[in-house]
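# Results of the structural survey
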2 protein chains.
Amino acid sequence: MSTSSPQRIALIGLGTIGISMAALHLSRDGNIVEVFDTRPDFEDYISKMLPIYMGQAPSTSSKPNPDAQPVPSLVSSGRLRIHSSLESACASATIVQEQGPENVDWKQSIWAQIEAVAPPSAHFWTSTSGIAASIQQLQMRDKTRLLVVHPFNPPNIMPLLEIVPAPGTSSERVEFAREYFSVPGSRHRPVVIRKEIPGFVGNRLAFALLREACYLVQEDVVDAKDLDTILMASLGPRWAGNGVFESYQQGGGEGGIRAFLEKLGETMQNIWDGQGRINVLGDEGTEWKEKVISQVDEAYGTLSTEQIQEKEARLKEFVRIQTKKYTPDGPEV
Amino acid sequence: MSTSSPQRIALIGLGTIGISMAALHLSRDGNIVEVFDTRPDFEDYISKMLPIYMGQAPSTSSKPNPDAQPVPSLVSSGRLRIHSSLESACASATIVQEQGPENVDWKQSIWAQIEAVAPPSAHFWTSTSGIAASIQQLQMRDKTRLLVVHPFNPPNIMPLLEIVPAPGTSSERVEFAREYFSVPGSRHRPVVIRKEIPGFVGNRLAFALLREACYLVQEDVVDAKDLDTILMASLGPRWAGNGVFESYQQGGGEGGIRAFLEKLGETMQNIWDGQGRINVLGDEGTEWKEKVISQVDEAYGTLSTEQIQEKEARLKEFVRIQTKKYTPDGPEV
């Protein structure tokens, strides 16, 4: 079955990520989305939230979105089917995608249940941010079907999907997921991670930077708000346009990243040797926590709906600009 | 002397950063810029390069820039003065700013020479990325005058200036530099770093992420190009709009960063414990280098002028959007 043909996707668990995924799947002509969640107000909830995510409006927007179809018309056309049992949701699915709690027991149990009721050909995707497919599949009979499809917050705007197979996941199923998210016109950028590793890649990179950030605040080198300003005034816009490797390939001039590593090697080793080895759990190396939390609370408090809306509008523009073309001889843009 | 009054800035060393700084200082009405460099073709070079940087055109642009004043007219109006000796360049300066080689002996020697010829009230700024003011000033008599003003590449677009005083630098001189770069209408965002530390803050954060990136490539978790895609499709745009602390304050919902650290603590500690401890110098832990270099070379080769122009045009837009206002009830932007 080709990924360009319409799919029938059963979504299990409709929190923020699930709703966002429902909107994504419904944006493809012909797809049928089957939804199941155990919350008591499920039908009301999805009627209220889904239109907000469809058309990629900022998720907190209170404006009516002209592109969004009301849920009753999606239901009456048969494109959206609201289920009250896992079995009926999965019965005819070509893809089953799970966005449930981040809990090992729950994940292992739900996949065994799904395997028992879904067609044998159906693809199994989990949106987990931390529990590897090889752990989740322990109670399944067929270990070739499940893989991680990890979106990044906010999933209705962020292009990244980390696709992380277990060692036993079949390569055809990995390729199917990658192709599904990279159809022409999609804003999404799926990347296949070759090995299971805690945090996958995006969060490993983020937490490496966060660890040094917390250390610098602990050491009174800079306060939390000034550190954020530094990041926004330099690395953020740089990495929105260039990856880290591409940046240093350019930074090294004609010699590329090799020249960069030679020129900056001493500074880099010096920094690496002096990196903060703070901890977030345990009794040692956690003194930074109260200092960081109080500085961050003081700097930002609780973000208002208006602030979040403004940030999402800006984020959408950053993502839009990433794929915009600039003609060297055209007018300045 | 107030920072809003015109200054007379002697720039010593006119490479990329020096030229960019000259353009910045000349963009302020009334400033006089005195330039000195030992390169033999200095006058031709500055006549060619300065107009490109004035008006903030992408630095590799070959188009004429309508905002740029030709160097002869800047010279005849007395706003730009080209010197053939350090002494004459510094003689009447209110600020002396150095962008010379990253070499301890050279820096120590030049500041002793500058101190001998500049007015006693002049402010001394070094654009170094790695040699602390407390080291550079060792041969100076007055240890209260020198501080680091570290720009970020490309300095004609990036808003960040890291201001890093030595322990003995007078607080008035720190405040003068901060105010100078934060006048209304300036695109620049100066941040005062409270303690001297190798790499200051921006490069420490960048190299912490780079270390983990190189480790993940070494371990075959992901290749260099896919890692760049991951960064551009998630953390880059996030950190262009939000700092890392603000992101997690928002990510924690009503409980803020405290709730985030509680919820993600186990994953975070797991990632921190497993971070790659690779090295860039020495014999151990450097196996990643050839793998990373060859993957980066293969992915990007040498970037063409057109590619760099396009990247700079995009970077300028990211920076512009950072300060754009979005009205929640206005039209979608």
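All values derive from a computational prediction rather than experimental measurement.

## Some remarks on the overall build of chain A
Scanning chain A from terminus to terminus reveals 14 helices and eight strands. Against the globule reference of 20 Å for 333 residues, chain A gives a C-alpha radius of gyration of 22 Å, in line with a compact fold. Intrachain contacts of chain A at a sequence separation of at least 6 include 66% that bridge at least 24 residues. A distance of 6 Å separates the average location of the 32 positive side-chain charges in chain A from that of its 41 negative side-chain charges.

## Points about the sheet that holds strand β7 (residues 160-165) of chain A
Residues and elements named next belong to chain A. Taken in spatial order, the eight strands line up as β3-β2-β1-β4-β5-β6-β7-β8 in an open sheet, and their pairing is mixed. Lying at the two open borders of the sheet, with one neighbouring strand each, are β3 (80-83) and β8 (189-192). Taking the axes of each pair of neighbouring strands and ignoring which way they run, one obtains an average angle of 25 degrees across the sheet. Taken together, the four bridges between strand β4 (residues 95-98) and strand β5 (residues 123-126) define a ladder with parallel strand orientation. Among the inter-strand pairings, Q97 is bridged to a residue of β5, identified as W125. Where helix α7 (residues 171-181) meets the sheet, its contacts fall on β1 (8-12), β4, β5, β6 (146-151), β7 and β8, and the angle it forms with β5 comes to roughly 70 degrees.

## Concerning the environment of E310 of chain B
For E310 of chain B, the position within the fold is in helix α14 (residues 305-322). Apart from residues lying up to four places away in sequence, E310 of chain B is in contact with K324, K325 and Y326 of chain A.

## Some points on the side chain of D37 of chain B
All names here are of chain B. Of note, D37 is situated in the loop between β2 (32-36) and α2 (42-53). A polar contact is formed between the side chain of D37 and the backbone nitrogen of L14, at a distance of 2.6 Å. Separated by 2.8 Å, the side chain of D37 and the backbone nitrogen of R39 make a polar contact. Beyond its immediate stretch of four places on either side in the chain, D37 contacts G13, L14, G15 and F42.

## Some remarks on the UniProt feature "site: Important for catalytic activity" (unreviewed entry) in chain A
Residue and element names in this part refer to chain A. UniProt feature "site: Important for catalytic activity" (unreviewed entry): in the numbering of this structure it lies at H150. As for its position among the elements, H150 is in strand β6. Filtering out sequence-adjacent residues up to four positions away, H150 remains in contact with S127, T128, S129, L160, L161, E162, F200 and N203.

## Focus: the relation of the copies chain A and chain B
In screw terms, the move from chain A to chain B is a rotation of 180 degrees and a rise of 0.0 Å along the axis, fitting with an RMSD of 0.0 Å. Such a turn and shift between the copies fits a two-fold axis. Interface overlap between copies: 100% of the residues of chain A at the interface are likewise at the interface in chain B, consistent with a symmetric, same-surface contact.

## Some words on the nonpolar core
Counting 138 residues, the largest nonpolar core has F245 of chain A together with F245 of chain B as its most contacted members. For F245 of chain B, the residues in contact, after removing those within four places along its chain, are L210, A213, C214, V217, A224, L227, D228, V292 and V296 of chain A together with I257 of chain B.

## So, helix α8 (residues 202-218) of chain A
The end-to-end C-alpha separation of α8 of chain A is 24 Å, in line with the 24 Å expected for 17 residues at 1.5 Å each. Summarising burial for α8 of chain A: 17 of the 17 residues are buried, a large majority.

## Brief notes about the domain arrangement of chain A
Entries for chain A in the domain assignment read domain 1 (8-192) and domain 2 (202-301). On a C-alpha basis, the centroid separation for the pair domain 1 of chain A and domain 2 of chain A is 33 Å.

## Details of helix α2 (residues 42-53) of chain A
All names here are of chain A. Helix length check: α2, at twelve residues, gives a terminal C-alpha distance of 16 Å against a target of 16 Å (1.5 Å per residue), a fit within 8%. Those residues of α2 that sit buried are F42, Y45, I46, M49, L50, P51, I52 and Y53. Where the residues of α2 are buried, they touch α1 (16-26), β2 (32-36), α3 (71-76) and β3.

## Describing the confidence of the model for chain A
Confidence in the prediction of chain A, expressed as mean pLDDT, is 92, and 93% of residues score 70 or more. Here residues 56-62 of chain A scores under 50 on pLDDT; set against residues more than four positions off or in separate chains, the count is 25 contacts.

## Side note on the interface of chain A and chain B
With 117 residues of chain A in contact, the opposing surface of chain B contributes 117 residues. Along the contact surface separating chain A from chain B lie ten salt bridges. One salt bridge connects R258 of chain B with E290 of chain A, and the closest N-O pair in it is separated by 3.0 Å. The tally of links from chain A across to chain B stands at 51 residue pairs in polar contact (both at pLDDT 80 or more). It is α8 of chain A that contributes the most residues to the side of chain A that touches chain B, 16 residues altogether.

Parameters and conventions
Residues numbered from 1 in each chain as written. Chains lettered and ligands numbered in written order. Predicted model: local features only at pLDDT ≥ 70, side-chain atom pairs only at ≥ 80, totals over all residues. Heavy atoms only, no water. Helix = DSSP H or I, 4+ residues; strand = E, 2+ residues; numbered from the N terminus. Rg over C-alpha atoms; globule rule 2.2 N^0.38 Å. Contact = heavy atoms within 4.5 Å. Lys, Arg positive; Asp, Glu negative; His and termini not counted. Charge placed at Lys NZ, Arg CZ, Asp CG, Glu CD. Pairing = 2+ DSSP bridges. Axes fitted to C-alpha atoms, helices over the stretch in contact; angles between N-to-C directions. Polar contact = N/O pair within 3.5 Å; in protein donor to acceptor, adjacent residues only side chain to side chain. UniProt positions renumbered as here; feature names shortened; annotations may be inferred. Least-squares fit on C-alpha atoms with pLDDT ≥ 70 in both. Core = buried A, V, L, I, M, F, W, Y, C linked by side-chain atoms within 4.5 Å. Buried < 20%, exposed > 50% of the residue type's maximum accessible area, 1.4 Å probe, protein only. Expected span 1.5 Å × (residues − 1). Domains from an automatic or database assignment. pLDDT = per-residue confidence, 0-100. Salt bridge = Lys/Arg side-chain N within 4 Å of Asp/Glu carboxyl O.

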